[in-house]
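Here's the letter readout for the chains.
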Amino acid sequence: MGVPGRGYRYVGPSDLKGLVRPGGEGASIRAAADFALWVSARSATELAEPFTFVIDPEGVLRLAPRRSEHVVCAGGGTVLSAGEMSFREESGRWVVDEVSNLSTGYCPDVGSWPAVAAALGRAGLPHPGGFTHGVVFRRCVSCQQVNIVREDDFVCVFCDESLPFGWNVDQRVPGRDTAQCN
């Protein structure tokens, strides 16, 4: 069931990748029945917060508690998107309330939305039609730090150099395997 789209490799701290364990991935939500079973096991307290999500390379939505690391939710592999997602009941059915691409471990581009929409569609979950909180990540070509671009200000907060307009976070940096966002 492969899904076209860019794959994002993990660019966060290596110690967090060390938390990945076989079988510790987020719950796979391949269809509406999977979501119904998963959500029925969640407490009201859990449902009051957003969940960590990734879209795996096969286009499957994986969900984990909010404070879970995205890399653990993904089983250490690449993703088609990652972020946080919340749900609410509306007229007796579950819908996606809010969804963001906020994952400082994968730093997915806002252009990863189609993979999220496809996975939510297969899970039978109505959604807002785009990220409700889109985050723009860029790597500074001068100092190599990863930045979160705020208010369309494409300037590195670490060294004041201009940031590229195109997504470039996955660029490999000799001697570094982690990203830092600010």
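Engineer: Could you clarify how one ought to interpret helix H5 (residues 113-122) in this entry?
Structural biologist: What sets the pattern is the α-helix's 3.6 residues per turn: residues three or four places apart point alike. Those residues of H5 lying buried are Trp113, Ala115, Val116, Ala117, Ala119 and Leu120. Those residues of H5 hidden inside the fold are in contact with strand S2 (51-55), strand S3 (61-64), strand S4 (81-90) and strand S5 (93-100). Within two residues after H5, glycine 124 carries a phi angle of roughly 70°, on the positive side.

Engineer: What am I meant to see in the pairing of S2 here?
Structural biologist: Side-chain direction in a regular strand flips from residue to residue, so the side chains alternate between the two faces of the sheet. Counting buried residues in S2 gives 5 out of 5 residues, a clear majority hidden from the surface. Residues Phe51, Phe53 and Ile55 of S2 are buried on one face, and the alternating residues Thr52 and Val54, pointing to the opposite face, are buried as well. Sheet topology places S2 next to S4; 5 bridges connect them, and they run antiparallel. Considered in S4, the bridge of phenylalanine 53 is made with glycine 83. Pairing geometry for S2 and S3, over 4 bridges, is antiparallel. The partner of threonine 52 across the bridge, within S3, is alanine 64. Between S2 and the antiparallel strand that follows it, S3, lie 5 residues; glycine 59 among them carries a positive phi value of about 85°.

Engineer: Looking at this structure, I do not really get the side chain of arginine 138. What am I missing?
Structural biologist: With respect to the secondary-structure elements, arginine 138 resides in strand S6 (residues 136-139). The exposure class of arginine 138 is buried, given its relative accessible area of 6%. A polar side-chain atom of arginine 138 sits 3.1 Å from the main-chain carbonyl oxygen of proline 164.

Engineer: Help me understand the nonpolar core, please; the structure alone is not making it clear to me.
Structural biologist: Nonpolar side chains in soluble globular proteins generally cluster together in the buried interior. The biggest cluster of nonpolar side chains holds 24 residues, and the ones touching the most others in it are Phe53, Leu61, Leu63, Met85, Phe87 and Val116. Those elements giving two or more residues to this core turn out to be helix H2 (32-40), S2, S3, S4, S5 and H5. The element contributing the most residues to this core is H5, with 6 residues. Beyond its immediate sequence surroundings of up to four residues, valine 116 is in contact with Phe53, Ile55, Ser81, Met85, Val99 and Phe131. Among the nonpolar cores identified, the runner-up in size contains 20 residues, and Cys73, Ala74, Phe137 and Trp167 belong to it.

Engineer: Can you help me understand the environment of glutamate 69 in this one?
Structural biologist: When you line up the elements, glutamate 69 lands in the loop between S3 and helix H4 (70-73). Residues glutamate 69 and valine 20 lie 49 residues apart in sequence; the distance between their C-alpha atoms is 9.1 Å. Among residues more than four places away in sequence, those in contact with glutamate 69 are Leu16, Leu19 and Thr52.

Engineer: Please clarify how the state of the cysteines should be interpreted in this entry.
Structural biologist: By definition, a disulfide is the covalent link that joins the sulfur atoms of two cysteine residues. Tallied over the entire structure, the rule returns 0 disulfides. Cysteine 156 provides the cysteine sulfur closest to cysteine 143, a residue in no disulfide bond, and the two sulfurs are 3.6 Å apart. With relative accessibility at 27%, the residue cysteine 143 sits in the partly exposed group.

Thresholds applied
- Residues numbered from 1 in each chain as written.
- Predicted model: local features only at pLDDT ≥ 70, side-chain atom pairs only at ≥ 80, totals over all residues.
- Heavy atoms only, no water.
- Buried < 20%, exposed > 50% of the residue type's maximum accessible area, 1.4 Å probe, protein only.
- Helix = DSSP H or I, 4+ residues; strand = E, 2+ residues; numbered from the N terminus.
- Contact = heavy atoms within 4.5 Å.
- Pairing = 2+ DSSP bridges.
- Polar contact = N/O pair within 3.5 Å; in protein donor to acceptor, adjacent residues only side chain to side chain.
- Core = buried A, V, L, I, M, F, W, Y, C linked by side-chain atoms within 4.5 Å.
- Disulfide = S-S within 2.5 Å.

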